[in-house]
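# Chains, contacts and geometry: an overview
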Amino acid sequence: MWPENVGICAIEVVFPSQYVDQTELEQFDGASAGKYTIGLGQSKMGFCSDREDVASLCLTVVSRLIERNQIRPQDIGRLEVGTETIIDKSKSVKSVLMKLFADSGNTDIEGIDTTNACYGGTAALFNSVNWIESSSWDGRYALAVCADIAVYAKGAARPTGGAGAIAMLVGPNASLIFERGLRATHMEHVYDFYKPDLSSEYPTVDGKLSIQCYLSALDTCYQLYRKKFEKKYPDAAQVGLDNLDALIFHTPFCKLVQKSMARVVFNDFLLCKSTKRALKYPGLERFNDATLANTYFDRDVEKAFMIQFNDTFERKTRKSLLLANQVGNMYTPSVYSGLVSLLISNTPEELLGKRIGVFSYGSGLAASMYSILVTKDKQVFQQFVSKLDYVLPMLNTRKKIAPEVFSELMEVREKNNHAASYTPSGSVSALFPGTYYLKHVDDKYRRTYERTSVITNGVH
Ligand code: HMG
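Residues numbered from 1 in each chain as written. Predicted model: local features only at pLDDT ≥ 70, side-chain atom pairs only at ≥ 80, totals over all residues. Heavy atoms only, no water.

### Here we look at the sheet that holds strand 14 (residues 399-400)
Cut-off, in case you're wondering: Each pair of strands is called paired provided DSSP finds at least two bridges between the two strands. Secondary structure elements are defined from DSSP: runs of H or I of at least 4 residues count as helices, runs of E of at least 2 residues count as strands, and each element is numbered from the N terminus. The contact criterion used is simple: two residues touch if any of their non-hydrogen atoms lie within 4.5 Å. Each axis is a line fitted through C-alpha atoms, and for a helix only the stretch in contact is used; angles between axes span 0 to 180 degrees, taken between their N-to-C directions.
With respect to topology, 3 strands assemble into an open sheet ordered 3-2-14, the strand pairing being mixed. Strand pairing shows two members of the sheet lacking a second neighbour, strand 3 (44-47) and strand 14, which therefore form its edges. In the packing of helix 1 (residues 22-29) onto the sheet, contacts are made with strand 2 (18-21), strand 3 and strand 14, and the angle to strand 2 comes to roughly 60°. Those strands touched by helix 16 (residues 403-416) are strand 2 and strand 3, and its axis lies near 35° from that of strand 3.

### Details of the pattern of salt bridges
Put simply, the test is: In what follows, salt bridge is the name for a side-chain nitrogen of Lys or Arg lying within 4 Å of a carboxyl oxygen of Asp or Glu. Burial classes follow relative accessibility: with a 1.4 Å probe on protein chains only, a residue under 20% of its type's maximum area counts as buried, one over 50% as exposed, and anything between as partly exposed.
Scanning the entire structure with this criterion turns up 26 salt bridges. In this structure, the salt-bridge partner of Glu12 is Arg64, at a minimum N-O distance of 3.2 Å. Residue Glu12 is found in strand 1 (residues 7-14), and its partner Arg64 is found in helix 3 (residues 54-68); the two are separated by 52 residues along the sequence. Here Glu12 falls in the buried class, since its relative accessible area comes to 0%. Between Lys195 and Glu84 there is a salt bridge, and its shortest N-O distance comes to 2.8 Å. Of this pair, Lys195 sits in the loop between strand 9 (193-194) and strand 10 (204-205) while Glu84 sits in the loop between strand 4 (76-82) and helix 4 (93-97); the two residues are 111 residues apart in sequence, bridging distant segments of the chain. Note on Lys195: relative accessible area 23%, which makes it partly exposed. The class for Glu84 is buried, based on a relative accessible area of 5%. Salt bridges linked by common partners bring Glu12, Arg64 and Arg68 together as one network.

### Some remarks on the layout of surface pockets
Over the atoms rolls a probe the size of a water molecule, and its path tells where empty space is left. The line we're drawing: A pocket, in this scheme, is an open set of points on a 1 Å grid over the protein atoms alone with protein on both sides within 12 Å along at least 5 of 7 lines, while a cavity is a set where a 1.4 Å probe fits but cannot get out; residues line either one if an atom lies within 4 Å of a point. Grid points are joined across faces, edges and corners, and a volume is the space filled by probe spheres set on the points. For this classification, Asp, Glu, Lys and Arg are treated as charged, while Ala, Val, Leu, Ile, Met, Phe, Trp, Tyr, Cys and Pro are nonpolar and the rest, including Gly, are polar.
Approximately 1,200 Å³ is the volume attributed to the largest pocket. Lining the largest pocket are 44 residues; nearest its centre among them are Thr85, Ile86, Ile87, Asp88 and His418. At the level of secondary structure, the elements contributing two or more residues to the lining of the largest pocket comprise helix 4, strand 9, helix 16, strand 15 (436-441) and strand 16 (447-451). Grouping the amino acids of the lining of the largest pocket by side-chain chemistry returns 16 nonpolar, 13 polar and 15 charged. As for the second largest pocket, its lining consists of 31 residues, and the residues nearest its centre are Thr160, Gly207, Ser210, Ile211 and Phe253. Secondary-structure elements contributing two or more residues to the lining of the second largest pocket are helix 2 (35-39), helix 6 (207-232), helix 7 (254-271), helix 9 (299-308) and strand 12 (355-362). No other element matches helix 6, which puts 6 residues into the lining of the second largest pocket. Of the residues contributing to the lining of the second largest pocket, the split by class is 18 nonpolar, 8 polar and 5 charged.

### Points about the packing of helix 6 against helix 7
To be explicit about the condition: An angle counts as roughly parallel when it lies under 35 degrees, as roughly antiparallel when it exceeds 145, as roughly perpendicular when it falls between 65 and 115, and as oblique in every other case. Each crossing is labelled by how the near helix is turned from the far one, with a counterclockwise turn of less than a right angle marking it left-handed and a clockwise turn marking it right-handed.
Where helix 6 meets helix 7, the axes come as close as 10 Å, and the angle between the chain directions of the two elements is 45°. Taken together, helix 6 and helix 7 sit at an angle that is classed as oblique. In the crossing of helix 6 with helix 7, the sense of the turn from one axis to the other is right-handed. When helix 6 is examined against helix 7, the residues Ile211, Tyr214, Leu215, Leu218, Asp219, Tyr222, Gln223 and Arg226 are found in contact with a partner set consisting of Leu256, Val257, Ser260, Arg263, Val264, Asn267, Asp268 and Leu271. Considered class by class, the residues forming the contact of helix 6 with helix 7 number 9 nonpolar, 3 polar and 4 charged.

### What to know about the site of the ligand
Inclusion rule: Residue proximity to a molecule or strand is established when one non-hydrogen atom of the residue lies within 4 Å of it. Counting of polar contacts relies on pairs of N or O atoms within 3.5 Å, with two restrictions inside protein: one atom must be capable of donating a hydrogen and the other of accepting it, and residues adjacent in sequence are counted only when both atoms are side-chain atoms. Surface accessibility follows the Shrake-Rupley procedure with a 1.4 Å probe radius. Residue values consider only the protein chains on display as shielding. Being in a pocket or cavity means that more than half of the molecule's atoms lie within 2 Å of its grid points.
Near the ligand there are 30 residues, and of these Ala33, Lys35, Glu84, Cys118 and Lys259 occur at the shortest range. Between an oxygen atom of the ligand and a side-chain N or O atom of Lys35, the distance comes to 2.7 Å. When the free accessible area of the ligand is taken as 1,100 Å², the share hidden by the protein chains comes to 75%. More than half of the atoms belonging to the ligand lie within 2 Å of the grid points that define the second largest pocket. Within the residue set of the shell around the ligand, elements represented by two or more residues are helix 2, helix 6, helix 7 and strand 12.

### Concerning the sheet that holds strand 4
An order of 5-4-6-7-1-8-13-12-11 is seen for the 9 strands of this open sheet, with the pairing classed as mixed. In the strand order of this sheet, the two ends are held by strand 5 (113-114) and strand 11 (246-249), each with one partner. The strands that helix 6 touches are strand 8 (176-187), strand 11, strand 12 and strand 13 (366-374); relative to strand 8, the one it contacts most, it runs at about 130°.

Nothing here speaks to function; it is geometry throughout.
See below:
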């Protein structure tokens, strides 16, 4: 028999303790006032000094999840990492995480790393859910971990950086349940954003093409999700977006998500029977002959649907953008930071029994849309959400760093990327309590990590 209600039983997020203010960054970069804050919809951008790398972020997030939820290390049977921040072409980040299980003697943990841009976290999560629903399952939990350091070379893309990590405990009888049979995927070969220069942390990016790819993957996934939904629930009273109480998106920058919500409504509009259109979408008749392919950068369509359905965005999506707006693009954790934002910005009662749509996108490209059902068990859900009480205080104790200093720290990372032997110079005292950091890289490229002390002062 299948285990019931498989999904997310606990979730933990970490983000950098330092950020740069996007208004100050506009001035520093010589960009016009409002370009990053209004044009892209970003307020702050978290960043890591050379003291943190993808393995340290994962060590931090997994140890915190285990401690906060008092999970016995022996109870984990699978651990998957999704990341696009590559520090070794062979040794997985997952193998580094096995350090955290050494004392328990548990080495029987399946799973390794998965990579495709920002999609790796979703692949890790799907693999975890699939394992629990498969004949290989041995009754233990899975852990899906996603982490990245998103940095861009100086120029137009730099303000769309960020960093962070999310760990999700996956098991049966979950608070956030994966809805069976409702996954829609679109994958395609395209060079919109990729990292061919293995000596650099920076991607090669075609910004405009990446936006078009994101929106067209959204169109395809959404339409396929709708079809699968109609097949699963042939008697549903509503169609399309009306069936989703919330919709969260991979968020490279918040403005794109606002446009994406309008795009989803535009899809519903095109799929709506012509006899019903005028009633449901008054004043939009002029777009009756519009097509998806011709409207990726059509400002009329974009603006009309954004304005007319702004309340839909406010109700279903706005709250999920809290961390993306404050930290930036975390890459693989981005869409799951949307989930955390949604959870901490509503009361548990507001979310009980609701359906949350999830759109995950990774350049190159891989994308999926699926849905999560929030448990109807009030007590279980309240306890699940109460474990996120630390997020807002932690966000508010971050330190603002001047753009000049941020830029210098980026240069340090740039210069010493893959250096050996190397001792990082970034401040250890600037890190949050309980943060793993890179202590040293020896002349054989072996990395050692230490942890700042775990003080329970309200932010851990
Ligand atoms: P750009 O081309 O320099 O910016 O860089 P722009 O000129 O298009 O301006 C951006 C917006 O600001 C525009 O708004 C401007 O009008 C507005 P729009 O017209 O598009 O609505 N603007 C202003 N607004 C108010 N006041 C002002 C002002 N000036 C301009 N003064 C770009 C933008 C996103 C292309 C760049 O930052 C970039 O290349 N970023 C990285 C790529 C990216 O984030 N792509 C998103 C989709 S791909 C994806 O999500 C995958 C990814 O996460 C990677 C992965 O999968 O691993 C990136």
